[in-house]
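One-letter residues, chain by chain:
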Amino acid sequence: MTERLINYEHNTLLITLDSCRYDTFELAHTPNIDKIGEAVPAMTNGNFTLPAHTSIFSGFLPKSDDKNPDSFYTANGVQLWRLNSSKNREGQIGVPLSGRSILEGYRNLGYKIRGFGGTQFFYDDHQILRADFKEGEFQHFGAIYGHEGGTNEDRHPSVLPFSHIDEIAESVKNTKKWFLFINSHETHSPYNVKILEDPELQELVKYSSKFRNGKTDPEMKYDYNNGGYRLHALQVEALEFVDEGLGDLLDKISHDIPILTVITGDHGEAFGENGLWGHIINKPKVLEVPLLINPQYLHKNN
Ligand SMILES: [Zn+2]
């Protein structure tokens, strides 16, 4: 028999930090995320946005090897969300859901579904990852690139999802039960949350874009220790920007019931290790992501 572990009323917040490596979490100063919980290293089920989110929306989060017995969601074989379309399994499940995705599952439970972000996989209704959002449930905030890697103008901070806190908070205002999803573009290439003025950084972004996503880099002009670490530092800064926005968002949304909060990376990123850049590569830094789950976060306004 299936035992449902989460029997209390809750709202749900799911944030995917696009391309965010686990070690970015270790380097960043994130006081607001720290109040929610501690991220553990986990392995993603997809090395780029599409398969990683398909997996997450199907209830298969990145899998942590943390064996903390107090964390039911990371204990071996215990799932936070499980769809009835998945193979029946006896045992403990956080929230059993009916439907073809966790979005449909929560909608079937009477939740208002809202999604924001992010990468181009969420750009419009023609995208597979938008399939389980109904009309009006998703708003795209993110850069639209005319070419690989984009430009400073494409990536102006004003287009990023965490620059739209008021709209996001408004979307679930006066709502009894809500499921809020944000695909954060901030941590995705080109990683900047402010206009890049430094010509060397501009050159690094351009260089890494040229060899991104599995292309071999015959030039090896840069690697992690020679330049790549500066892109990693941009991702750290981006995560800190997200943390600040998240604090603001949490102050603005309702807290009459606990928030089941999940913050994770969809996949990681290579910053020049062994001449590799970007993702869509099965390498440790691309597969290792942060995973933070607090099944009943209670936010206290500052
Ligand atoms: Zn992604």
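Let me begin by describing the structure that accompanies this report. (Residues numbered from 1 in each chain as written. Predicted model: local features only at pLDDT ≥ 70, side-chain atom pairs only at ≥ 80, totals over all residues. Heavy atoms only, no water.)

## Some details on the sheet that holds strand β5 (residues 79-83)
Note the threshold: Criterion used throughout: strands pair if DSSP finds at least two bridges between them. Per the convention used, a helix needs a DSSP run of H or I reaching at least four residues, while a strand needs a run of E reaching at least two, with both numbered from the N terminus. Axis lines are fitted through C-alpha atoms, for helices just across the contact stretch, and the angle between N-to-C directions can take any value from 0 to 180 degrees.
Strand order in the open sheet formed by three strands is β1-β6-β5, with parallel pairing between adjacent strands. The two strands at the open ends of the sheet, each matched to only one other strand, are β1 (2-4) and β5. Sheet twist, expressed as the mean angle between neighbouring strand axes with direction ignored, is 60 degrees. As judged from the three bridges shared by β1 and strand β6 (residues 91-97), these two strands associate in the parallel manner. Bridge pairing in β6 places Thr 2 opposite Gly 91.

## Examining the packing of aromatic side chains
Both the distance between ring centres and the angle between the ring planes are used here to describe each pair of aromatic rings. We count it as follows: Ring pairs are drawn from Phe, Tyr and Trp, using the six-membered ring of Trp, whenever the two centres fall within 6.5 Å, and their geometry is named by plane angle: stacked under 30 degrees, edge-to-face over 60, tilted for the rest. Each residue is assigned to one of three classes by its accessible area relative to the maximum for its type, calculated with a 1.4 Å probe on protein chains only: buried under 20%, partly exposed between the two thresholds, exposed over 50%.
Evaluation of the coordinates by the stated rule reveals 16 aromatic pairs. Seen from their ring centres, Phe 122 and Phe 138 are 5.4 Å apart, and the 5 degrees between their planes marks the pair as stacked. Taken together, the positions of Phe 122 in the loop between β7 (112-117) and β8 (138-140) and Phe 138 in strand β8 put the pair 16 residues apart, joining distant regions of the chain. Take Phe 122: its relative accessible area is 0%, and that puts it in the buried class. On the basis of relative accessibility, which here comes to 10%, the residue Phe 138 falls in the buried class. Put simply, the rings of Phe 57, Phe 122, Phe 133, Phe 138 and Phe 181 touch in pairs and so form one group of aromatic residues.

## Quick look at the pairing of strand β2 (residues 11-17)
Across the seven residues of β2, seven count as buried, placing the element largely inside the fold. A two-sided burial pattern is seen for β2, the buried positions comprising Asn 11, Leu 13, Ile 15 and Leu 17 on one face and Thr 12, Leu 14 and Thr 16 on the other. Direction of pairing for β2 relative to strand β10 (residues 259-265): parallel, over a ladder of seven bridges. Opposite Leu 13, over in β10, you have Thr 261 as the bridge partner. In this structure, β2 lies alongside strand β9 (residues 178-184), joined through six bridges in parallel fashion. Residue pairing across strands places Ile 15 opposite Ile 182, the latter belonging to β9.

## Details of the coordination of the zinc ion
In an ideal tetrahedron of four donors about a metal, each angle is 109.5 degrees. In an ideal octahedron of six donors, the angles are 90 or 180 degrees. The criterion, for reference: Note on donors: an N, O or S atom is included if it sits within 2.8 Å of the metal, or within 3.2 Å for Na, K and Ca, and water is never included, so sites can look incomplete.
The protein atoms that coordinate the zinc ion are Asp 18 (OD), Asp 18 (OD), Thr 49 (OG1), Asp 266 (OD) and His 267 (NE2), at distances spanning 2.0 to 2.7 Å. One chain supplies every donor to the zinc ion, and in sequence these donors are spaced D-x30-T-x216-D-H. Of this pair, Thr 49 sits in helix α3 (residues 49-57) while His 267 sits in the loop between β10 and β11 (270-271), and the two are 218 residues apart along the sequence. The exposure classification of Thr 49 matches that of His 267, with both residues buried.

## Brief notes about the pattern of salt bridges
Note the cut-off: By salt bridge we mean one thing: a side-chain nitrogen of Lys or Arg within 4 Å of a carboxyl oxygen of Asp or Glu.
All told, the structure shown has 14 salt bridges when counted by the stated rule. One salt bridge connects Glu 137 with Arg 107, and the closest N-O pair in it is separated by 2.7 Å. Here Glu 137, found in the loop between β7 and β8, pairs with Arg 107, found in helix α4 (residues 102-108); they are 30 residues apart in sequence, far enough to count as distant. By the burial criterion, Glu 137 is buried, and Arg 107 matches it. Notably, a salt bridge pairs Lys 252 with Asp 248, separated by 3.4 Å at the nearest N-O pair. Linking Lys 252 with Asp 248, this pair stays in helix α7 (residues 228-252), spanning four residues, or about one helical turn. By relative accessible area, which is 40% here, Lys 252 ends up partly exposed. Residue classification places Asp 248 among the partly exposed residues on the basis of a relative accessible area of 31%. Members of the salt-bridge network, linked through shared partners, are Arg 21, Asp 23, Glu 273 and Lys 285.

## A closer look at helix α6 (residues 199-210)
How we decide: Expected span of a helix, by definition, is 1.5 Å for each gap between consecutive residues, and there is one gap fewer than residues.
For α6, with 12 residues, the first-to-last C-alpha span of 16 Å sits near the 16 Å given by 1.5 Å per residue. The set of residues buried in α6 consists of Leu 201, Leu 204, Val 205, Tyr 207, Ser 208 and Ser 209.

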